[in-house]
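Chain by chain, the residues:
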Amino acid sequence: MSTKDLVPSPVGPVDVEQAEAALVERYPRLVRIAYLVLPPSLGRNRRVLTAHALVQRSLPRRRVAGPSVPEPRLAEDAVDPGYAYVRSEVLRQALVAGLPLWRLALPSRAQFPPLLPHVWGLRLFPRVGGADELALDQRLSRLSGPGRAAYVLRGLERQGDAEVLRVLAAAGVADPAAALAEADALDDAPELPGEGPGGALPPGAALPPDRALPPGAALPPGGGGAAPEGGAAGEPGGPGRSGAGGAGGDRPGPDASGRPDLPGHGGPGPRRSGAALLESDEFDPCALQARPTDLLRRRQHARAGIVAVAALLVCGALLGLPGDGWGRNGAAAPSYARNPAAEAALDPGALKRVDPAVWPASTRQDFSVWPARGALTGDRALLRRALAVWARPGASVRASATPGTPVGPPMGPPQLLFAGEVDGARVVILHDGLRAVRYAEPVGGTAGAALDFARTDGADAVGSAALVLSRAAGNVRYLTAPWVRETSVRDLLAPGEDARPLGRDAVGVTEPMTSPALAKGCTRWNTLQVRDGSGLRMLADLGELAPARLLWGPPAAPADATGPEARAAWARTACQLSAVRAHGVRSVNAWRFARQPLPEGAGSGTWLCTRAETWRGTGSRVLAQFLVPSPSVPAALAARSEGSPACGVRDPRVLAGVLWQAPGGGWYVLAAGSPDFTALETSGGVKGRSDGPLLAVKAAAGARADLAGTLQGGTRVRALR
């Protein structure tokens, strides 16, 4: 129990100064009481330190009140109230310290080794007594804590039974009478097995290791008794009490009664009582001997401690590797490497910044001449976070990359294109010659940061005309190149409508426009139309950082899809662009490779080949589509292929077929090839042949046929698949 939880003094009010004076004056006796009450199983070194700690913690923090109803004063109440209170607190804590620790119970402070006083490298214990003291210590170890307290109060403090019962009750003992009965039984008990006449050890007996004598030392004659500790002047038997024998003061003296010797050290003598033995040096924790601890084990512990400290320092150094302290890199993961090139790439001061006056005089127009724009280009903390997350995106970062785009850190300081606030987020766009990287974080913090990668190597003036800056609520904003003069919005599904102007601010950020990238239906397909120094360009948002360029014409010479014919064709095939979303598409070209008269006079059908080229050069997708005469009917997908060279510069040929139903109800296999084909043939469920690049064969509903064609040189080519 802590001395902060004060209980009324059983003998009257006690001031702090009064308790301190009693504690200092009677300190050796109080420590002896605590030492004797503590269980011997703790070991003498811990008992000594715990006894001192309990006495020092017994000083109250404030004045202690007396009982609310004063009791009649007894003869034993002549004891000093301050000493009585401190002694009661010492007994209370010593009894608690002897209790076992239970798993579910809340432990008390007294049950743990004391923090103060503390001794390093030495073991302290009282002077070694003789056989009488050893026998008494063995007997006391068989008592409970309250039993030892009762024995000490009666033998050391010379108290009567009534006062012992009252002091034990004040110290929190549940059954003082049982404790007093234990003390009575100890005095009446016969000699313990192994005890010789007069309390001496039998011949050949050895002391326990905890009580071993130093080499060459011998037990003192008769057990090493001492005179009882004295109290105040005129109170030789204890503080404020009268008792038998003993000089005043607290130092031990020779025993006048004559004590028996151990075998080999003199003849036997009369055995002293247990009460007298309590005053001996064996139980004096203020007169101590010192011995070293286990030196080999201490050396092993020292080595283990050094290794642990070194490991802790290494781990701390590894965790603290970022050179500018903790938490400055936002959502970035811990650093994994440290070298001059990596440090330079993550230094916001080393970012490349292009002057706005560079691009008009440059021989090239691409991302390398984009100036650094935005209101936050001077925010070093934001730029540092963007670079750190780029190099080491943490688990909370939402990262995306187009297929085939490396997502590693930059090889050197990248170029800063933009840094500013857009749609409630701080956005940074960087470029390293190979990739455009967009970092975005909420204005209110770094949680929920996003990182997008897009491959942009080999971009020309049109390929670098715009980058996606922000997507929010189904809308998209673009950052346009400095050479873009005009921006507008054109709906591919409404070729007859004029383009709507799209405003921009001073740094080239457009107003928001509806984006088809995440749309579920296909009722509108808005594109960004830009005008540069050489004409109009059509750019489509396919869910990536760089928009795709829309083209129209033969693979060898495509043009921007801005003319009436191109817009009319794209109006019927625009919804097929969803097949190439998030595929790293650089450009999409639609080519009308054939016109075919339809059977039964149903008009003319149109065959289109749509090819999506990627930034990485591989993984191109090819779609063959068939358009019926009605302009309101979307294109029908006839065939698709990935990785095929068809409809491209290397292989500007294509062959495709569909099963078509005429307005009169008849079914036909229609096939068409590019102008290089001289003959077409079907086999399988439908057989037919024609000279030239067109074929129409009567068929049944649900029929399946294999299609092949012959080129001018005689090469046989299968249909696109």
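Residues numbered from 1 in each chain as written. Predicted model: local features only at pLDDT ≥ 70, side-chain atom pairs only at ≥ 80, totals over all residues. Heavy atoms only, no water.

## Focus: the overall build of the protein
Of the regular secondary structure elements, the protein holds 13 helices and 27 strands. Sequence-distant contacts, at least 24 apart, represent 67% of the contacts inside the protein between residues at least 6 apart. With an accessible surface of roughly 33000 Å², the protein has 57% of that area assigned to carbon and sulfur atoms. (Helix = DSSP H or I, 4+ residues; strand = E, 2+ residues; numbered from the N terminus. Contact = heavy atoms within 4.5 Å. Areas by Shrake-Rupley, 256 points an atom, 1.4 Å probe, with all protein chains shown as cover.)

## Concerning the environment of Leu 387
By the secondary structure assignment, Leu 387 is in helix α12 (residues 380–391). Residue class for Leu 387 comes out buried when judged on its relative accessible area of 1%. Counting along the chain gives 43 residues from Leu 387 to Leu 430, while the straight-line C-alpha distance between them is 8.9 Å. Beyond its immediate stretch of four places on either side in the chain, Leu 387 contacts Ala 345, Leu 346, Asp 347, Pro 348, Leu 351, Pro 414 and Leu 430. (Buried < 20%, exposed > 50% of the residue type's maximum accessible area, 1.4 Å probe, protein only.)

## A closer look at the nonpolar core
Ranked by size, the top nonpolar core spans 47 residues in total, and within it Val 37, Val 55, Leu 91, Leu 140 and Leu 168 carry the most contacts. Elements with a minimum of two residues in this core: α1 (16–25), α2 (27–37), α3 (44–56), α4 (81–97), α5 (131–141), α6 (145–155), α7 (161–170) and α8 (176–188). Counting 35 residues, the second largest nonpolar core, distinct from the first, contains Trp 359, Ala 465, Leu 467 and Leu 479. (Core = buried A, V, L, I, M, F, W, Y, C linked by side-chain atoms within 4.5 Å.)

## Re the state of the cysteines
According to the stated counting rule, one finds two disulfides in the structure shown. In this model Cys 522 forms its disulfide with Cys 575; the gap between the sulfur atoms is 1.8 Å. The S-S bond linking Cys 522 to Cys 575 shows a torsion near -90°; that makes this disulfide left-handed. On the criterion of sequence distance, the pair formed by Cys 522 in the loop between β12 (513–514) and β13 (526–532) and Cys 575 in the loop between α13 (564–573) and β17 (585–597) is long-range, its members being 53 residues apart. Note on Cys 575: relative accessible area 30%, which makes it partly exposed. There is a disulfide in this structure between Cys 609 and Cys 647, and the S-S distance comes to 1.6 Å. Of note, the bridge from Cys 609 to Cys 647 carries an S-S torsion of about 115° and is right-handed in sense. With Cys 609 in strand β18 (residues 604–614) and Cys 647 in the loop between β20 (636–642) and β21 (655–661), this residue pair connects regions lying 38 residues apart in the sequence. (Disulfide = S-S within 2.5 Å.)

## A word on the pairing of strand β8 (residues 466–472)
Within β8, five of the seven residues are buried, which leaves the element mostly enclosed by the surrounding structure. As judged from the six bridges shared by β8 and strand β9 (residues 475–480), these two strands associate in the antiparallel manner. Looking at the pairing, Arg 471 lines up with Val 476 of β9. Here β8 folds back onto β9 in antiparallel fashion, the turn holding two residues, of which Ala 473 has a positive phi close to 55°. (Pairing = 2+ DSSP bridges.)

## A word on the side chain of Arg 490
Locating Arg 490 in the fold gives a position in strand β10 (residues 486–491). Put simply, Arg 490 is tucked away with no salt bridge, and the nearest opposite charge, on Asp 498, sits 5.6 Å away. Dropping the residues within four chain positions of it, Arg 490 is found in contact with Pro 495, Glu 497, Asp 498, Ala 499, Trp 525, Asn 526, Thr 527, Gln 529, Met 538 and Arg 567. (Lys, Arg positive; Asp, Glu negative; His and termini not counted. Salt bridge = Lys/Arg side-chain N within 4 Å of Asp/Glu carboxyl O.)

## What about α1?
Those residues of α1 not exposed but buried are Ala 19, Ala 22 and Leu 23. The buried residues of α1 occupy one face: seen down the axis, they fall within an arc of 100°. Exposed side chains of α1 directed beyond 90 degrees from the buried face belong to Glu 17, Val 24 and Glu 25. Residues of α1 that are buried in the fold lie against α2, α3 and α4. (Arc of directions from axis to C-beta.)

## Considerations on α3
The end-to-end C-alpha distance of α3, which contains 13 residues, comes to 18 Å, matching closely the 18 Å that a straight helix rising 1.5 Å per residue would cover. In terms of burial, α3 is largely enclosed, as 11 of its 13 residues are buried. By the burial criterion, the buried members of α3 are Arg 44, Asn 45, Arg 47, Val 48, Leu 49, Thr 50, Ala 51, His 52, Ala 53, Leu 54 and Val 55. (Expected span 1.5 Å × (residues − 1).)

## What to know about the sheet that holds β9
Strand order in this open sheet of three strands is β8-β9-β12, and the pairing throughout is antiparallel. Here the strands that pair on one side only, and so sit at the sheet edges, are β8 and β12.

## A word on the packing of α4 against α7
Think of two packed helices as two axes; the pair is described by the angle between the axes and how far apart they sit. One can describe the packing of α4 onto α7 by two numbers: an axis separation of 9 Å at closest approach and a directional angle of 65°. Of the two possible hands of crossing, α4 and α7 adopt the one that is right-handed. Together, Arg 87, Ser 88, Leu 91 and Arg 92 of α4 and Glu 163, Val 167 and Ala 170 of α7 make up the contact between the two elements. Across the contact of α4 with α7, the residue classes break down as three nonpolar, one polar and three charged. (Axes fitted to C-alpha atoms, helices over the stretch in contact; angles between N-to-C directions. Left-handed = near helix turned anticlockwise from the far one by under 90°. Nonpolar A, V, L, I, M, F, W, Y, C, P; charged D, E, K, R; others polar.)

## Re the pairing of β13
Within β13, six of the seven residues are buried, leaving the element largely enclosed by the surrounding structure. Inspection of the sheet shows β10 paired to β13 by six bridges, in the antiparallel sense. The residue bridging Val 489 from the neighbouring strand is Leu 528, located in β13.

## Focus on the confidence of the model for the protein
The predicted model of the protein averages 81 in pLDDT, with 79% of residues at 70 or higher. Counting interchain partners and residues more than four positions distant, the pLDDT-below-50 stretch residues 1–9 has 31 contacts. Considering only residues more than four positions removed or in separate chains, one finds that residues 323–327, a stretch of pLDDT under 50, has four contacts. (pLDDT = per-residue confidence, 0-100.)

## Considering the sheet that holds strand β6 (residues 435–442)
Read across the open sheet, the five strands follow the order β3-β7-β6-β5-β4; overall the sheet is mixed. The open sheet has two edge strands, β3 (398–401) and β4 (415–422), and neither has a second partner. Sheet twist, expressed as the average angle between the axes of neighbouring strands with direction ignored, equals 10°. With four bridges connecting them, β3 and strand β7 (residues 450–455) associate as parallel partners.

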